[in-house]
Amino acid sequence: MRKQVIAGNWKMNKLLGESEQFIDEVKGQVPSADQVESVVVAPFTALHSLVQKTKGTDVKIGAQNMHFEESGAFTGEVSPEMLKDIGVEYVVLGHSERRELFGETDETVNKKTHAAFKHGLTPIVCVGESDEQRENNETFTVVENQVKNALEGLTTDQVKATIIAYEPIWAIGTGKTATAADANEVCAHVRQAVKEFAGEEAAEAVRIQYGGSVKPANVEELLGQSDIDGALVGGASLQPESFLALVEAGK
Ligand SMILES: O=C[C@H](O)COP(=O)(O)O
């Protein structure tokens, strides 16, 4: 049985004080990390403080992106070592908004995934199709290629430790959620792609989240699906009570 992982991706929201207040409200309320992984993926500006505030609690902290290089002339970027140095444990890679708006590619996602493991960070690798690709019945091909390109060169153990987030672009921030059955069908195809790429053991171990307008009203049905092992949540993760409802559903 795979442990569910619920990650709240705040995107470009919350000032430092708001971030700290959120953690103060949830850190003693989330279920044990033995039951469900509760991850807050905050802006860079809050990461150090939130890591300090969550030490010894069941709340884990993640970053929304990072570079793959160790250091150098990459203005505006943050290195894997910088995240590890302040105690960040997870990093979201290849989010569709970074692919669409900031030129992220399968190649850079793969380099970043390798860099994450090199520095002891758990990658949450995002894949998902556009509305047009869905209309053209290209969903399976798109996500399969993104998965295999992201995992290229990883060891079996690294694949097993990777979290893959299936996020249909047309469901992100739109209020349109894939039906649980449709989401599960694609997540099962992602798992099959992992099996073909890295074998049965890796396919059974890898955790696959669904993301795209997840909220307390629909999370139970989604997490009850055979091939969905968690959720990557945007809007509904910004409020403490909503976030707590989401992680409770993951127990
Ligand atoms: O990273 C989170 C996804 O983009 C989903 O965002 P959303 O829950 O606001 O649709």
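Since the model is a prediction, treat every value here as computed from it, not as a measurement. (Residues numbered from 1 in each chain as written. Predicted model: local features only at pLDDT ≥ 70, side-chain atom pairs only at ≥ 80, totals over all residues. Heavy atoms only, no water.)

Caption draft 1: Up close: unusual backbone geometry. Unlike most non-glycine residues, Asn 137 shows phi in positive territory, near 55°. Taking the relative accessible area as the measure of exposure, Asn 137 reaches 72% and is therefore exposed. Notably, Ser 213 is not glycine yet its phi reads approximately 60°, a positive angle. Following the sequence through the fold, Ser 213 ends up in the loop between β7 (207–210) and α11 (216–223). (Buried < 20%, exposed > 50% of the residue type's maximum accessible area, 1.4 Å probe, protein only. Helix = DSSP H or I, 4+ residues; strand = E, 2+ residues; numbered from the N terminus.)

Caption draft 2: Summary view of α11. Of the positions making up α11, those classed as buried are Asn 218, Val 219, Leu 222 and Leu 223. Buried residues along α11 cover an arc of 130° about the axis, so they all sit on one side. Opposite the buried face of α11, by more than 90 degrees, sit the exposed residues Ala 217, Glu 220 and Glu 221. Tucked inside the fold, the buried residues of α11 contact β1 (4–9), α9 (180–198), β7, β8 (230–233) and α12 (240–249). (Arc of directions from axis to C-beta. Contact = heavy atoms within 4.5 Å.)

Caption draft 3: How the structure looks around the site of the ligand. The immediate surroundings of the ligand are formed by 13 residues, with Lys 11, His 95, Gly 173, Ser 213 and Gly 234 found nearest. Between Glu 167 and the ligand, the recorded distance is 3.3 Å, taken from a side-chain N or O atom to an oxygen atom. Take Gly 235: an N or O atom from its main chain is 2.9 Å from an oxygen atom of the ligand. Computed on the free molecule, the ligand has an accessible area of 300 Å², of which 95% lies beneath the protein chains in the complex. A per-class count over the shell around the ligand returns 4 nonpolar, 7 polar and 2 charged. (Near = heavy atom within 4 Å. Polar contact = N/O pair within 3.5 Å; in protein donor to acceptor, adjacent residues only side chain to side chain. Areas by Shrake-Rupley, 256 points an atom, 1.4 Å probe, with all protein chains shown as cover. Nonpolar A, V, L, I, M, F, W, Y, C, P; charged D, E, K, R; others polar.)

Caption draft 4: Representation of the pattern of salt bridges within the structure. By the definition in use, this model includes 21 salt bridges. Of the charged contacts in the structure, one is a salt bridge between Lys 3 and Glu 37, with a shortest N-O distance of 4.0 Å. Of the two residues, Lys 3 is situated in the segment before β1 and Glu 37 in strand β2 (residues 36–41); the sequence distance between them amounts to 34 residues. The salt bridge involving Lys 11 is made with Glu 97; its shortest N-O contact spans 2.7 Å. Residue Lys 11 is found in the loop between β1 and α1 (16–26), and its partner Glu 97 is found in helix α4 (residues 96–101); the two are separated by 86 residues along the sequence. Residue classification places Glu 97 among the partly exposed residues on the basis of a relative accessible area of 27%. Sharing partners across several salt bridges, the network here consists of Arg 2, Arg 191, Glu 204, Asp 227 and Asp 229. (Salt bridge = Lys/Arg side-chain N within 4 Å of Asp/Glu carboxyl O.)

Caption draft 5: Fine view of the UniProt feature "modified residue: Phosphoserine" (unreviewed entry) in the protein. Under the UniProt annotation, the feature "modified residue: Phosphoserine" (unreviewed entry) is placed at Ser 213. We classify Ser 213 as buried; its relative accessible area is 16%. From its side chain, Ser 213 meets the backbone oxygen of Ala 171 in a polar contact 2.7 Å long. (UniProt positions renumbered as here; feature names shortened; annotations may be inferred.)

Caption draft 6: Local environment of α1. Taken together, the buried positions of α1 are occupied by Ser 19, Phe 22, Ile 23 and Val 26. Along the long axis of α1, the arc covered by the buried residues comes to 95°, so they all point the same way.

Caption draft 7: View of the confidence of the model for the protein. Summary statistics for the protein give a mean pLDDT of 97 and a share of 100% for residues scoring 70 or more. Two numbers describe this predicted complex: its pTM, 0.98, and its ipTM, 0.99. (pLDDT = per-residue confidence, 0-100.)

Caption draft 8: Summary view of the packing of α11 against α12. Put simply, α11 and α12 touch, their axes get as near as 9 Å, and they point 15° apart. The angle between α11 and α12 places the two elements in the roughly parallel class. By crossing handedness, the relation of α11 to α12 is classed as right-handed. In this structure, α11 uses Pro 216, Val 219, Glu 220 and Leu 223 to contact α12, whose residues at the interface are Ser 242, Ala 245, Leu 246 and Ala 249. In the contact of α11 with α12, the residues fall into 6 nonpolar, 1 polar and 1 charged. (Axes fitted to C-alpha atoms, helices over the stretch in contact; angles between N-to-C directions. Parallel < 35°, antiparallel > 145°, perpendicular 65-115°, else oblique. Left-handed = near helix turned anticlockwise from the far one by under 90°.)

Caption draft 9: How the structure looks around the packing of aromatic side chains. Applying the stated criterion to the full structure yields 3 aromatic pairs. Within the aromatic cluster, the residues linked to one another by ring pairs are Trp 10, Phe 22 and Phe 243. Above the face of the Trp 10 ring, Lys 14 is positioned so that its terminal group lies 5.2 Å from the ring centre. One Lys or Arg, Arg 134, reaches over the ring of Trp 170 and ends 3.7 Å from the middle of that ring. (Phe/Tyr/Trp six-rings, centres within 6.5 Å; stacked < 30°, edge-to-face > 60°. Lys NZ or Arg CZ within 6 Å of the ring centre and 35° of its normal.)

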